[in-house]
Amino acid sequence: MILRDRVVLVTGAAHRLGRAMALALAGDGAKIALHYGSSSAAAEATAREIEALGVEAWPVQADLSRPESIVALFDGLDERFGRLDLLVNSAASFRKQGWERIAVEDWDAALAVNLRAPFLCMQAAARRMRESRREEAAPALVVNLADLSGLQPWQGYVQHGVAKAGLLHLTRIAARELAPAIRVNAIVPGAILPPPGLDPSSERWREIGSASPLGAPGDPSRVVQTLRFLIANDYVTGAVIPVDGGEHLLGPVNH
Ligand SMILES: NC(=O)c1ccc[n+]([C@@H]2O[C@H](COP(=O)([O-])OP(=O)(O)OC[C@H]3O[C@@H](n4cnc5c(N)ncnc54)[C@H](OP(=O)(O)O)[C@@H]3O)[C@@H](O)[C@H]2O)c1
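Because the structure is a prediction, the values reported are computed rather than measured.

### A few points about the site of the ligand
Contacts to the ligand come from 26 residues, most closely from Gly37, Ser38, Ser39, Ser90 and Leu193. Within the backbone of Gly37, a nitrogen or oxygen atom sits 2.7 Å from an oxygen atom of the ligand. At 3.0 Å, a side-chain N or O of Lys164 approaches an oxygen atom of the ligand. Of the residues that constitute the shell around the ligand, the class distribution is 12 nonpolar, 10 polar and four charged.

Spelled out as structure tokens, the structure:
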């Protein structure tokens, strides 16, 4: 897919990895619907950076744990752009919690944001993408951001890991359901950005990164490279691509 003048929705794009992907795709000429949950100031700042690249940015708030909020997000997208070519499901919650302490509400909250929301976004996106594709040769694209907890049994991330594992299987199911009009792929980042509160130049972060076979943490540009590959290659669907220095080969080393 050629991105110039195409419309991209990136969820969780106010900062961190979502922001890096939104800025990169804006640099490639796409119009960006920049979703955020609570980080309105950061979303506005990212939108201004995108506009400075000479493309449209539309910051849009939605609580992805609420299905009606997702409906409103896509209604707004229709009004603003009237088409959708690429959805990047990046927003996620990330919570460590002991097995015994997990309440029904905790389970539901993790599944709502990390699994149900990507599904509802894909379902809403697919309707729009089919419309947008009528005059296009190339399929539209969904890219889901999972993590290694979806491949490995991390301790302390029960509901999170189950949701991310579900997202990976949903990626493959959706790839079949939505072909040939829409391709669906997943990226599985490893140690790309430290969790909030951990300094990227800290010894602890270097230690975490050096546990992978390639021996160092990554950075958002590695995920962006993979995203660009998935955009460019119209013959890839249902793929799950770890971008983790090979950490998936080892079992749960950091958790
Ligand atoms: N960073 C890494 O190294 C890494 C490693 C493995 C996997 N990943 C995956 O890659 C993706 C992006 O990573 P990240 O580190 O950039 O993520 P993040 O900072 O943990 O979260 C991204 C955004 O998700 C949004 N979000 C959470 N709950 C929401 C809700 N109920 N409604 C709306 N938005 C909500 C938040 O937006 P607001 O701030 O606006 O509320 C947050 O900024 C995630 O799916 C993550 O699991 C990242």
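### A word on the pairing of strand S1 (residues 7-10)
Taking every second residue as pointing to the same face, both faces of S1 are buried, with Val7 and Leu9 on one and Val8 and Val10 on the other. Both S1 and strand S2 (residues 31-36) contribute to a ladder of four bridges, which runs parallel. Residue pairing for S2: Leu9 is matched across the bridge by Ala33. Pairing between S1 and strand S4 (residues 86-89): three bridges, direction parallel. Residue pairing for S4: Val10 is matched across the bridge by Val88.

### A short note on the side chain of Asp85
Following the sequence through the fold, Asp85 ends up in the loop between helix H3 (67-80) and S4. Residue Asp85 is classed as buried on the basis of its relative accessible area, which comes to 0%. For Asp85, the side chain forms a polar contact with the side chain of Arg83, separated by 2.6 Å. With sequence-adjacent residues up to four places away left out, Asp85 is seen in contact with Met1, Arg6, Val7, Met129, Ser132, Arg133, Ala140 and Leu141.

### Some words on helix H6 (residues 203-210)
Buried within H6 we find Trp205, Ile208 and Gly209. For H6, the arc enclosing every buried residue in end-on projection is 95 degrees, short of the 170-degree limit, so these residues lie on one face.

### Here's the deal with the packing of aromatic side chains
For any pair of aromatic rings, geometry is given as the distance between the ring centres together with the angle between the planes. One pass over the full model with this rule turns up four aromatic pairs. Ring geometry for Phe94 versus Tyr157: centroids 5.0 Å apart, planes at 15 degrees, classification stacked. Within this pair, whereas Phe94 is found in the loop between S4 and helix H4 (104-133), its partner Tyr157 is found in the loop between strand S5 (140-145) and helix H5 (158-178), the two being separated by 63 residues in sequence.

### What to know about the pattern of salt bridges
Opposite charge on two side chains permits pairing when their charged atoms draw close. Per the counting criterion, the structure on display carries 14 salt bridges. In this structure, the salt-bridge partner of Arg228 is Asp28, at a minimum N-O distance of 2.8 Å. Residue Arg228 is located in helix H7 (residues 220-232), and its partner Asp28 is located in the loop between helix H1 (16-27) and S2; the two are separated by 200 residues in the primary sequence. In this structure Arg228 comes out as partly exposed when scored by relative accessible area, which is 36%. Measuring nitrogen to oxygen at the nearest pair gives 3.1 Å for the salt bridge that ties Arg66 to Glu68. The partly exposed category is assigned to Arg66, whose relative accessible area is 39%. Three or more residues joined by partner-sharing salt bridges are found here, namely Lys31, Glu56 and Arg80.

### A look at unusual backbone geometry
Geometrically, the link from Ala179 to Pro180 is a cis peptide bond, its omega value of 0 degrees lying close to zero. Residue Asp5 is not a glycine yet carries a positive backbone phi of 65 degrees. Mapping Asp5 onto the fold places it in the segment before S1. Look at Arg16: it is not a glycine, yet its phi comes out positive at around 55 degrees. Looking at the secondary structure, you find Arg16 in helix H1. Judged by its relative accessible area of 40%, Arg16 is partly exposed.

### Let's talk about the environment of Leu170
The topology assignment puts Leu170 in helix H5. Residues Leu170 and Pro118 lie 52 residues apart in sequence; the distance between their C-alpha atoms is 9.1 Å. With residues near it in sequence (within four places) discarded, Leu170 still touches Leu115, Phe119 and Met122.

### Here's the deal with a nonpolar patch on the surface
Judged by side-chain polarity, Leu249, Leu250 and Val253 come together as a nonpolar surface patch covering roughly 280 Å² of accessible area. Looking at the element boundaries, Leu249 is found in the segment after strand S7 (240-243).

Parameters at a glance
Residues numbered from 1 in each chain as written. Predicted model: local features only at pLDDT ≥ 70, side-chain atom pairs only at ≥ 80, totals over all residues. Heavy atoms only, no water. Near = heavy atom within 4 Å. Polar contact = N/O pair within 3.5 Å; in protein donor to acceptor, adjacent residues only side chain to side chain. Nonpolar A, V, L, I, M, F, W, Y, C, P; charged D, E, K, R; others polar. Buried < 20%, exposed > 50% of the residue type's maximum accessible area, 1.4 Å probe, protein only. Helix = DSSP H or I, 4+ residues; strand = E, 2+ residues; numbered from the N terminus. Pairing = 2+ DSSP bridges. Contact = heavy atoms within 4.5 Å. Arc of directions from axis to C-beta. Phe/Tyr/Trp six-rings, centres within 6.5 Å; stacked < 30°, edge-to-face > 60°. Salt bridge = Lys/Arg side-chain N within 4 Å of Asp/Glu carboxyl O. Patch = residues over 30% accessible without salt bridge, like charges linked within 9 Å, V, L, I, M, F, W, Y side chains within 5 Å. Areas by Shrake-Rupley, 256 points an atom, 1.4 Å probe, with all protein chains shown as cover.

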